Structure formats: structure tokens, C-alpha cells
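Each chain is listed here by its residues.
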Amino acid sequence: MAEAVYCTARQRAILTVIIECYIATGEPVGSATIARLQAPDGRLTETHGAAAGISPATIRNEMTELVAAGLLEQPHTSAGRVPTARAFRMYVEELSGGKSPRIAAARLSERSRSQIDSNFVGLAGTQAVLQRTSHVLATLSSGVGVAIAAVTEGDQLEHVHFSRLAESRVLAVVVTRSGLVRDRVLALDRDLSLRELETAANFLNENFRGWSVERVRAEIARMVERERSEYQRLLGQVQQLWARTVPEAEPPVHAVYVEGVANLISNERDAGRMREVLVALEEKQRLVELLNAYIDAKQESVRVVFDLEEQAPEMAGLVLIAAPATVAGESRGTVGVIGPKRMHYEHTMNAVSYISRVFERMLHPNG
């Protein structure tokens, strides 16, 4: 954990102005820029109060102190300064806490809330909401939108479908009541006809809808032991299909949605390292592990993580803003944004907070 840095109220206010100017322009910020913002037509607001009415010479002195504290750095020969990772951490802490917190779902602009709500009209089910979430977050943040469905213990079966692809090859699709969809191509020991596949799917759907997938496996095994003759042959086919569709030793399955990767490319000059980032994002299980390492399903607030490289070295220089999505107190997944340090934190954090609450409204409307 980074060592705490003491700053006066004036230094914090100046640092806030520098960070917000840098986020807006991407250019180093000099004392002259801060002085201009103090003019009647400038952009200093009440949140920057302690930075108002300061002479350029005093601003320069305070910026020198901020450089010494490791909060500002000078890129190349520019006269301006840019915030360090430590400065961004301090800025986020100020947004979330302090005397006037600026992070809350209700603080998201009416325009952004309306844009989000319109994107979710007509959707139903966890999977559909999560899939749309990654798109909406990528659009709002200009970063990578991420949505991951949680694995629910004892998730209940809703529907099974088998399609014959070729001899001894079958596409199996299992839909659970949480909205999770598993699809798998099966290589069978012997070929099954379309009629046999349909009969097996009907048997599972008619007898086990609403059962947990673990109970389905155990019950079919018991039925095979108990039954004989032609009925046993049918059960044997069902058992083979189910065992290969949902293997007993199968690792947890997550539905992962990622959108907006191209946004990162436009924000990164190091094309070689960006390729590593793209590979990491495409490896969905790696992404699940990354979010699980930082996001606690029991937390209620948005979390901002700067040290992603501790879990994934290729993510150095990127920031994760994420929150758990819950319905009736039960975790349904995680939603978030991965982007560069130069990000509009207040807007993105409030958007993630608002969307994490969309789940409760859409999937538990009468709660």
C-alpha cells in the first residue's frame, strides 16, 4: 500500500485542478493555466475553492512542493506538470470521501441516466442485462466495459437443447434460471440420431426443470441403477449427454462480456504492450480471476484499483473501476471499466455505481 502523503488544503485544491485539467486535455498543466482559471470567466468551481485567489508565484511554489511529494512529475522539457499514480489515488479518495463526496449513483447526470435506462429497455434475464452492460459502460467511459456473471451454487436448470452437428458430434446448450447459458460441442462414443437427441432433451426438460445441475447428475445415475431394459438404454443416452454437457470436474463457468477494447488502443502509445493487454482481456478466465482478486461481492460501493499489475503484469498503467451487481442481496456478477489512468473518474465511477443498481430494478422489480 502506498505511503500516505500530507498535503495542505491549498495543495490539494491545486492538485485537483491540475488533475482535472490533465484529464480534460491530456496536456501538462502549468501555473499560468491555473492562474487563468481564477479569472471571472474561468472554470474554477466551489470544489476548488482553496485554489482561488492565489498568485502565480505561490502556485509555482506549491507545485514544486507537490513534485517533491511525488504527486506531480515533469514530462520531458515541458513547463507543465502531470499527476502521478499516487496523485490519482489521492484524487479518487477525495471524490469518494472527504467533506463533500462526489461519488453516488444519484449524482450521475440526468442525461447519462436517461442514456443508460434507454439501453436496457425490453431486456430480461441476467445474461441479456450483463451483455448490454459491457456495451453501455464502454460507450460511457471510452474504456473497456466488462460484465461478468457470478457462478451460483445450485443454479437451477431451465432448458436443455441438443443439436446434431456431424457424426458423433453434438452441440449441447444448457440454460439456467439465473440466465447463464452454457454451450459445448460434445464428441460422443457413438452416433445419436436427431430423434434420440430430441428424446433425451425432452426427458431432461420434463423431469428436471427447476433442479440444480448437481442434483440432475446424481438423480440420473440413481435412475440408471434402478431401471432396466429399453428405458435403461434411454437413460444411458441421457446420462452420457448430460455428463459431457456438464462434467463433474468442470471448473466454474462464468459468462464474460468485454467490449470497447479499441478504446484502449487509442489511449496507448506502446503498441507492443497493448497487444499483451488485448491477449489478457481475451483470456476470459484470466479476467475473472483479476476481478475476483479485487472486488468483494459483499461490498456496496464502487472500488477503484490502480495496482492491477500485482495480479496481471500486462495491465500495468491501467485502472479498474468496478462494483458488484446484486439482486435481492444476492451477487449476480461484477460490472466495471478498465481504462488508462487519465480517465474521467467522477463520471465513470458514478456510471458504474448507477448500472450496478440497474440489476436490482430490472431483475427484482417488486423487491
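Residues numbered from 1 in each chain as written. Predicted model: local features only at pLDDT ≥ 70, side-chain atom pairs only at ≥ 80, totals over all residues. Heavy atoms only, no water.

(A) Just the pairing of strand β10 (residues 330-340), in detail. Of all eleven residues making up β10, nine are buried, and the element is well covered by its neighbours. Judged from the six bridges that link them, strand β3 (residues 144-149) and β10 form a sheet pairing that is antiparallel. The partner of Ala-147 across the bridge, within β10, is Val-335. When strand β9 (residues 318-327) meets β10, the two strands line up antiparallel, connected through ten bridges. By the bridge assignment, Val-327 is partnered in β10 with Glu-330. (Buried < 20%, exposed > 50% of the residue type's maximum accessible area, 1.4 Å probe, protein only. Helix = DSSP H or I, 4+ residues; strand = E, 2+ residues; numbered from the N terminus. Pairing = 2+ DSSP bridges.)

(B) Here's a closer look at the packing of helix α1 (residues 9-25) against helix α4 (residues 85-96). Relative orientation of the contacting elements α1 and α4 amounts to 105°, with a least axis distance of 10 Å. One finds that α1 runs roughly perpendicular with respect to α4. Residues Arg-12, Leu-15, Thr-16, Ile-19, Glu-20, Tyr-22 and Ile-23 of α1 lie in contact with α4, whose contacting residues are Ala-87, Phe-88, Met-90, Tyr-91 and Glu-94. Its residues assigned to classes, the contact of α1 with α4 shows eight nonpolar, one polar and three charged. (Axes fitted to C-alpha atoms, helices over the stretch in contact; angles between N-to-C directions. Parallel < 35°, antiparallel > 145°, perpendicular 65-115°, else oblique. Contact = heavy atoms within 4.5 Å. Nonpolar A, V, L, I, M, F, W, Y, C, P; charged D, E, K, R; others polar.)

(C) Broad picture of the environment of Ala-138. Along the chain, Ala-138 turns up in helix α6 (residues 126-141). Between the C-alpha atom of Ala-138 and that of Val-261, which follows or precedes it by 123 residues, the distance is 8.4 Å. Apart from residues no more than four positions distant in its own chain, Ala-138 is found in contact with Gly-143, Gly-145, Glu-259, Gly-260 and Asn-263.

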